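# Fold and geometry: a report
Read off the chains here:
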Amino acid sequence: MNLEEYRLELAKVAYKTDPACKSIKEALNFSPGIKALSAHFIAHELYLSGDYYAATKISMDARKETGIEIHPGATIGRRNYIDHGMGVVIGETAIIGDDNLIYHQVTLGGTGLEKNVKRHPTIGNHVMLGSGSTILGDIKIGDYAKIGAGAVVIEDVPAYATAVGIPAKIIMKRH
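As a starting point, this report considers the structure included with it. Given the structure is predicted, the values throughout are model-derived calculations rather than measurements.

### Concerning the packing of aromatic side chains
Scanning all chains against the criterion turns up three aromatic pairs. Centre to centre, the rings of tyrosine 6 and phenylalanine 41 are 4.7 Å apart; their planes meet at 25°, and the pair counts as stacked. One end of the pair, tyrosine 6, is in helix 1 (residues 3-17); the other, phenylalanine 41, is in helix 3 (residues 32-48), and 35 residues separate them in sequence. Note on phenylalanine 41: relative accessible area 23%, which makes it partly exposed.

Below, the structure is given as structure tokens:
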């Protein structure tokens, strides 16, 4: 998949997901999430090729423009939507699956200062990360899980579960 195909796929998701989005053209031109994920698409390829400086430059330029910071080392799947986006931080060893919804001020952060180890969360598929939620460390958020606004998650959340609070507790598990 090339960048233009990726951007169009993201725009279709934005149009379908966001009731405030009036057209695919609007999504392509004004969505900070699409801009940040598009920059990450390029930066991640540079990062994987070992051009860390160029990858970081693209990442930091996107951060300045969108308020969304995605480390070029993060692995991000397809059809993810970052709604509003301001204040989103996605760390270097984070892994994000497909078809997720990420609201503003979400942090996928690391714990510890070790290098060359997995320090950030793994997010499954079809996950909703509520506004201001913080997911810390090498933990897993299962498919179809929901993380409530403001939750601080420091332990795995199973598939189909809803987690809320500080620290987050499972309040509901479907299936």
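### Considerations on the packing of helix 1 against helix 3
As a packed pair, helix 1 and helix 3 sit with axes 10 Å apart at the nearest point and diverge in direction by 155°. Of the possible angle classes, the one that applies to helix 1 and helix 3 is roughly antiparallel. Judged by the sense of rotation from one axis to the other, the crossing of helix 1 with helix 3 is right-handed. Contacts between helix 1 and helix 3 pair Leu3, Tyr6, Arg7, Leu10, Ala11 and Ala14 from the former with Ile34, Leu37, Ser38, Phe41 and Ile42 from the latter.

### Considering the pairing of strand 15 (residues 169-173)
Burial runs low along strand 15: only zero of the five residues are buried. Linking strand 14 (residues 161-164) back to strand 15 in an antiparallel pair, the connection comprises four residues, with glycine 165 at a positive phi of about 95°.

### A short note on unusual backbone geometry
With an omega dihedral of -10°, the bond running from isoleucine 166 to proline 167 counts as a cis peptide bond. Position of proline 167 among the secondary structure elements: in the loop between strand 14 and strand 15. Its identity is not glycine, yet histidine 84 carries a phi of approximately 70°, on the positive side. Assignment of secondary structure puts histidine 84 in the loop between strand 3 (81-82) and strand 4 (89-90).

Calculation criteria
- Residues numbered from 1 in each chain as written.
- Predicted model: local features only at pLDDT ≥ 70, side-chain atom pairs only at ≥ 80, totals over all residues.
- Heavy atoms only, no water.
- Phe/Tyr/Trp six-rings, centres within 6.5 Å; stacked < 30°, edge-to-face > 60°.
- Helix = DSSP H or I, 4+ residues; strand = E, 2+ residues; numbered from the N terminus.
- Buried < 20%, exposed > 50% of the residue type's maximum accessible area, 1.4 Å probe, protein only.
- Axes fitted to C-alpha atoms, helices over the stretch in contact; angles between N-to-C directions.
- Parallel < 35°, antiparallel > 145°, perpendicular 65-115°, else oblique.
- Left-handed = near helix turned anticlockwise from the far one by under 90°.
- Contact = heavy atoms within 4.5 Å.
- Pairing = 2+ DSSP bridges.

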